[in-house]
Each structure stands twice: as structure tokens, then as C-alpha cells.
Amino acid sequence: MNIRLLAKRNIQGNAQRYLAYFFSIVLSVSIFFIYASFIFHPDVVHADIPGGKLISRGLIAAEIVIIIFSVFFIAYSNAAFIQPRKKEFGLLTLLGMSKSQLRKLIYLEQTMVSLISILIGVGLGFLFSKLFLMAISWLLAVEQPISFVFVPEAFIYTIVGFILLFQLLSLFSLFHIGNAEVVDLLKDKQKPKKTPFVSKWLIALSAVCLSISYYLACTLSLNNSYIRVLPIVFFVLIGTYFLFSQSIVALCSRLYRKKKSLYGGTNLITQTNLIFNIKDYSRLFFLTSIITAVILTAAGTLFMFSADLKKQGMDNIPQSIGWVENDASIYSVIEPSAVENALKEDGFKILYEVNMTGVPITHMLPHMRRGEPNENRSLLISESNYNNAAALRKIEPAKLSGKEALYIFPYGGLDYQFVHKGEQKELHFGNGTIQVTMVGQRNQSIVAPIKAATTLMVVDDQLYHEITADVPLKEMARVRGYEVKDWEESMETSSEIEQMSNNHNQLQTRAPIYQEMKQGSILILFIGLFVSLLFFIVQGSMMYLRVFTNLEDKKIQIHALHRLGLTKKEIRQILSAEIRILFFAPFLIGVIHAIVAYVALSNLLGSNLFAYSAMVIATYFLFQLLYYQVTKKMYERAVINSIK
């Protein structure tokens, strides 16, 4: 027997414990390799793929996330592997193994597992990289599929990077175990567990932090999101940590004092195990709940944004084809007849058209960040013109009289109020000036928000005619627009119309912008789902490790309970309850965090995303339930089969 053979047999003996860890590392390496194969692909490097550089940046960001996440996961897993084996290491030391030999044994075990997982991960990554390139080619809609080539850089970066990562983390674990005394190693599991300490102040801190984070998230808007994101993350982390380390402990203690329910069935054993292990569980609960929240928020955000993209396109780009003529007396950008002919020739039905004129005006508005007044330009239009266009878009009509005015800002996601009800404002047009009373502001677009028509000022018809009575047509602006049925399919027609126009800056077509955003969102969703899958597997692996690292202690406890008269059915109930708490307590908190994030996203997009969020949470729950069932079956089999 030598150290190398002993390390090999230890791995074989702990194969069940290593299973989830090994699978997670293989998946991490595979995804990293696949992404690296695309990043360093010759066609991407030489910019032969349209959009390749943009995807490459997204994949680089994903690679960084994978590496950072792998660091925490491997460090956690190494600690989880070493902790239950301290008695084994103490016995080996007592039998004559030196500290250097013990370090060598642990180092060889971890190196063997890491090398095998890296090699298998790279092999699977290379095997599936062709499928990944085919999927990317389809998503990018390239004429020639991306060729499958050998990319040396992908092999070098993946193999060398993960080997260095494993070696570095192995050194930290060796330092921890190598300095422990034999007595400490042998008696580590014999130390009695104390009832966890509970602080009312820390429970209050948890409630306050979570309340602040939820309030900040639920009142999030586009103009304050950049200053709220970090505080939200900070308060969620602090609140969640103390929720599990303090609030959950207090709840378990309260349940433990209810003797009537405590003595029912197997509750005594289940609750006793829980309250004395909750301190050990708290860190796992904290990590897995945060991971759950991250997975649900990231995957949900990507899915919701992709699913809601069509509505966002229609909200922000009012008509399929729209343009603004600076001189209302002529058509210098494009002739309406040319647009109509192009649409009809390609078989597109025009649902409605918009044709309105207005007077360019200037007025003072506060700067969105600094608050100081700045001169802004808008297009003054009549109430009837606004209401006609609003009716076509199923928007509430304006109701004005006298010298009242309504300010129209085209971007619904920005809730900043530039004007307030009752505010007096001077409107300047040509050589004239008029003072109006503002009835408010609407953040929605009814015509193409281009140049002079980016923002609108709506006034009563009579007042509008008084203002424009002496304004010649050539000093007015004209807004034209056509809404088309099945506009998503009008890419080629839209491109043709753009080529016919004399001024691209004055013309807006919805289909090309929508298709570009759709393509980008699908790619991001495609990449994000891979990373979310990795996070899910790793989270499940952490719980799997926590269950199987204490397997021997659990066997001893269950064997003693069985001798006292507990049936196998009751033992299964105890084991199921313990695993159920491990899997679903952090899941519940993670779902609550994610729901708050979905509310914030709904506010930002101005859409009701309840159905989409329910689909994401339900899908995740099914995967979590499947993982729970598999782990439970394996755990029950391992424990109950040991009963003689």
C-alpha cells in the first residue's frame, strides 16, 4: 500500500459523495470550453460573423461568472469533503502517517478528481461544441453555418485555467487540515452541539434590511435604477443571512416548545435534529437561497424581456413605418405613395395611417439629473389630432379647454415628471409666445418620436388654430405613419423603403429594430440559460454534498432508533422531512426574492409579467422537485440498507 493507491481507493470508497461534485465540475468545464471555442473561433476573431463580436463579449462575461462561481463552489465542496473525514485523518496520523504524507494524500485525491473531471469536461465540450455552433448559426441567421474547427486556445485556457484553480484551492484546504492536532481531528465529531444563540436585535435587523430592499425594488424606475441596484443587493444579502442564522432559529425554537405537536409522530426527532443542526444549515440555506434568487431573476428577466419584446417594440415605435417632414408643404424624406406601393406590392395590408401637422416650439424643462431648467423642443399639435391618433392606438383621449396643455413624453419606462399639473409654462413659436397651464404629462408615444416630433405639446383646438393662423405650412412639420398587419415579417420591405428615403434620420421602421433586438435577446437568453443551468446544478450539488457528508453519522443514529422500535416507514418519514427542509426552505425564500425582482422588472417595462414569472417559477420548481426526489431516493437507500 502506498499514498497514491490509498488516494485512489479513498475516491472509489467515496464515489457516492463525489458524484454530484464531479458532475457539476464536468458541466462547468464543458460550458467554459464551449464558450471559449466560440470566442477564439477564427471566424469570430476575424469578424467574419455578423454580430460575432457582440456575442463574444457576452460569452466572455459568462466565462468570468463561471470562474468566480467555480471558485466558491470548489472551496465549499473541499471544506465539505474534509470536515466529515477528520476522524479518518486523525486515525491515519495516529497510525504513523506524517503531516506531509497526510497533505500528500489529500492533494492526490483532489488532483485525481480534478484532472478526471477536467478531461471529461473538455471531451464533452469538444463533442457538443459543433451543436453549439450550429445553434448560434441558426440564431444569427447566417448564410454559411459557422465551421467546426479545432481551436487550440480553447483547450489551453480551459485545461490550464481549471488546473490552476484546483491547485490553488487545494493548497488552502491542505493548510487547514495540516495544522490540526491529532486530538482535534479524532474528537471533532464528539464535540457536543449547543442550542444556537438567538439575538432579537439581529432578527430585527434582518426584517429591516429585507423591508428596505423590497421597498427599493418595488419602487424602482428607469431613472433611479442605477443608484438603487447595489443598495438592494447589499440589504438582500444582509437580511437573508440573518434570516437563516437568527429568524429561522427562533422559529424552530418556538416550534420546539409546542409540546403537543412535538410529541406527534416523528416530529420530536425531526425537530430536534433541525434545531441542533440549523447553525450548520444556515450558511447552506443562505447560499442556496441567494443562488435560487439569482437563477430565477436572471432566467426570468431574460425570458420575460424576450417574451415581452413585441409589446415593447409596439409601445416605443408607434407605427410600422413613420417619418417626419420638417417642411409640411412638401415631401422631402419620402413620398407616401412610394411607401404605400412598396407595402402593397409585397402583400402587406395597411391597417391605418397617421397624417398630422404641428408647429415646432421651444420651452423650458428641468434637466432630469441636475434639475436646472434647459431649453427643449417639442411639436405643438391640436387636441383633435392627438385624440385621433390616440384612438387608433387605444389610448385614453385628452380633454383640454382654454389655455390648457398636455405634455407627451414618448418613453413609457421613464417615469420622471418634467411638468406638473397646474404649472404655468411659456411656449415660444417663431416670433410669438403664449402662456399655458399644464394639466400633466403622459409617458407614451402616438407617432414616430423623431427629431421635431420626439416630444409633443397638445393644446385645445381653438387655441391651436389661433396660434397657427399666421404660420405658413413650410414652417410647420408633418408627421406621417403607417401601421401594417404582420409587420414582423416586413424586414425586406422596410429595408426597401429605407433605401428609397432621402433622409434616414427622419425615417423610422419597426421591423428591422425589432428583429435586431429579438435576435440579440434570443442569443442572450440562449447563453443565460446555460449559465442558469450550471448554477442550478451547482446549487443542487451543494445540498447533495450536505446530505451525504453526514451519511455515516446518520446511519448510526437511524440504526439506534430502529433498535428502539422505529419502523422503516417512520425512518423514511424522518429522512424525507430533513431533505425536504434542505431543498425547499431556501427555495421558498429565493422565490420571494425573485418575485420582488419581477415586480421591479414589470415596473421598468410597464407590463404585467405575472404569467411569465409564474411559468419561470413553476418550471424551476419542477426541476427542484425532480432533484429532490432523486437525492431522497439515493439517501434513503443508502441509510436504510445499512439497517440489519
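As shown above, the structure is provided for reference.
First, a word on scope: everything that follows refers to the structure included in this document. Everything quoted here is computed from the prediction, not taken from an experiment.

### Section: a nonpolar patch on the surface
Among the surface-exposed residues, I116, I120, L124, L127, F128, L131 and M134 lie close enough to one another that they form a single nonpolar patch of about 660 Å² accessible area. For L131, the location among the structural elements is in helix α6 (residues 99-140).

### Remarks on the nonpolar core
Counting 98 residues, the largest nonpolar core has Y21, Y35, I74, L296, F548, F583 and Y635 as the members making the most contacts within it. If you tally residues by element for this core, the top one is helix α20 (residues 568-605), at 15 residues.

### Focus on helix α16 (residues 461-468)
Along α16, the residues classified as buried are L463, Y464, I467 and T468. Each buried residue of α16 lies within a common arc of 120° when the element is viewed along its axis, so the set occupies one face. Set apart from the buried face of α16 by more than 90 degrees, the exposed residues are Q462, H465 and E466. Each element contacted by the buried residues of α16 is listed here: β2 (350-366), β3 (373-382), β5 (424-429), β6 (432-443) and β7 (456-459).

### A closer look at the pairing of β6
As judged from the six bridges shared by strand β4 (residues 404-409) and β6, these two strands associate in the parallel manner. If you follow E404 over to β6, its bridge partner there is T437. As defined by bridge partners, β5 adjoins β6 across six bridges and the pair is classed as antiparallel. Pairing of E426 across the sheet is with Q435, part of β6.

### Structural notes on a positive patch on the surface
A surface patch of like charges, here positive, comprises K568, R572, K633 and R637. When residues of the positive patch are traced back to their parent elements, those giving at least two are α20 and α21 (610-640). Mapped onto the elements of the fold, K568 is located in helix α20. Residue classification places K568 among the partly exposed residues on the basis of a relative accessible area of 39%.

### Considering unusual backbone geometry
One non-glycine residue with positive phi stands out, namely K451, at about 45°. One can find K451 in the loop between β6 and β7. For K451, a relative accessible area of 52% puts it in the exposed group. Positive phi values are uncommon outside glycine, yet D486 reaches one of about 55°. Checked against the element boundaries, D486 lands in the loop between β8 (477-484) and α17 (491-500). Overall, D486 belongs to the partly exposed group, its relative accessible area being 47%.

### Focus on the packing of aromatic side chains
Inspection of every chain in the model, using the stated rule, returns 27 aromatic pairs. Taking 4.9 Å as the distance between ring centres and 25° as the angle between the ring planes, the aromatic pair formed by F150 and F155 counts as stacked. Given the relative accessible area of 18%, F155 is considered buried.

### Some details on the pairing of β7
Burial of β7 is two-sided: the residues L456 and V458 facing one way and the residues M457 and V459 facing the other way are all buried. Across four bridges, the pairing between β3 and β7 is parallel. Bridging across to β7, I381 finds its partner in V458.

### Considerations on the side chain of E636
Turning to its location among the elements, E636 is positioned in helix α21. Of the side chains with opposite charge, R572 lies nearest to the buried E636, which makes no salt bridge, at 4.1 Å. Among residues more than four places away in sequence, those in contact with E636 are R572, L575, S576 and N641.

### A look at helix α19 (residues 551-563)
Its 13 residues give α19 an end-to-end C-alpha distance of 18 Å, which sits within 8% of 18 Å, the value for a rise of 1.5 Å per residue. G565, located one to two residues past α19, shows a positive phi value of around 125°.

### Quick word on the environment of L119
Within the secondary structure, L119 sits in helix α6. Using a relative accessible area of 59% as the deciding quantity, one classes L119 as exposed.

### Side note on a negative patch on the surface
Judged by side-chain charge, E345, D346, E492 and E496 come together as a negatively charged surface patch. When you line up the elements, E492 lands in helix α17. Look at E492 and you get exposed, because its relative accessible area is 70%.

### Re the side chain of H363
Summarising the element assignment, H363 is placed in strand β2. Judged by its relative accessible area of 0%, H363 falls in the buried class. Among the polar contacts listed, one links the side chain of H363 to the side chain of S378, at a separation of 2.8 Å. Excluding its chain neighbours within four sequence positions, the residues that come into contact with H363 are N374, E375, N376, S378, Y407, K425, E426, L427 and M457.

### Some details on the packing of helix α18 (residues 510-549) against α21
Across the interface, α18 lies against α21 with an axial gap of 11 Å and an inter-helix angle of 25°. Classified by the interaxial angle, the pair formed by α18 and α21 is roughly parallel. α21 is crossed by α18, and the crossing has right-handed handedness. Between α18, through F536, I537, Q539, G540, S541, M543, Y544, V547 and F548, and α21, the contact on the second element is made entirely by Y620, F623, Q624, Y627, T631, M634, Y635 and A638. Classifying every residue of the contact of α18 with α21 gives twelve nonpolar, five polar and no charged.

Cut-off values and rules
- Residues numbered from 1 in each chain as written.
- Predicted model: local features only at pLDDT ≥ 70, side-chain atom pairs only at ≥ 80, totals over all residues.
- Heavy atoms only, no water.
- Patch = residues over 30% accessible without salt bridge, like charges linked within 9 Å, V, L, I, M, F, W, Y side chains within 5 Å.
- Areas by Shrake-Rupley, 256 points an atom, 1.4 Å probe, with all protein chains shown as cover.
- Salt bridge = Lys/Arg side-chain N within 4 Å of Asp/Glu carboxyl O.
- Helix = DSSP H or I, 4+ residues; strand = E, 2+ residues; numbered from the N terminus.
- Core = buried A, V, L, I, M, F, W, Y, C linked by side-chain atoms within 4.5 Å.
- Buried < 20%, exposed > 50% of the residue type's maximum accessible area, 1.4 Å probe, protein only.
- Arc of directions from axis to C-beta.
- Contact = heavy atoms within 4.5 Å.
- Pairing = 2+ DSSP bridges.
- Lys, Arg positive; Asp, Glu negative; His and termini not counted.
- Charge placed at Lys NZ, Arg CZ, Asp CG, Glu CD.
- Phe/Tyr/Trp six-rings, centres within 6.5 Å; stacked < 30°, edge-to-face > 60°.
- Expected span 1.5 Å × (residues − 1).
- Polar contact = N/O pair within 3.5 Å; in protein donor to acceptor, adjacent residues only side chain to side chain.
- Axes fitted to C-alpha atoms, helices over the stretch in contact; angles between N-to-C directions.
- Parallel < 35°, antiparallel > 145°, perpendicular 65-115°, else oblique.
- Left-handed = near helix turned anticlockwise from the far one by under 90°.
- Nonpolar A, V, L, I, M, F, W, Y, C, P; charged D, E, K, R; others polar.

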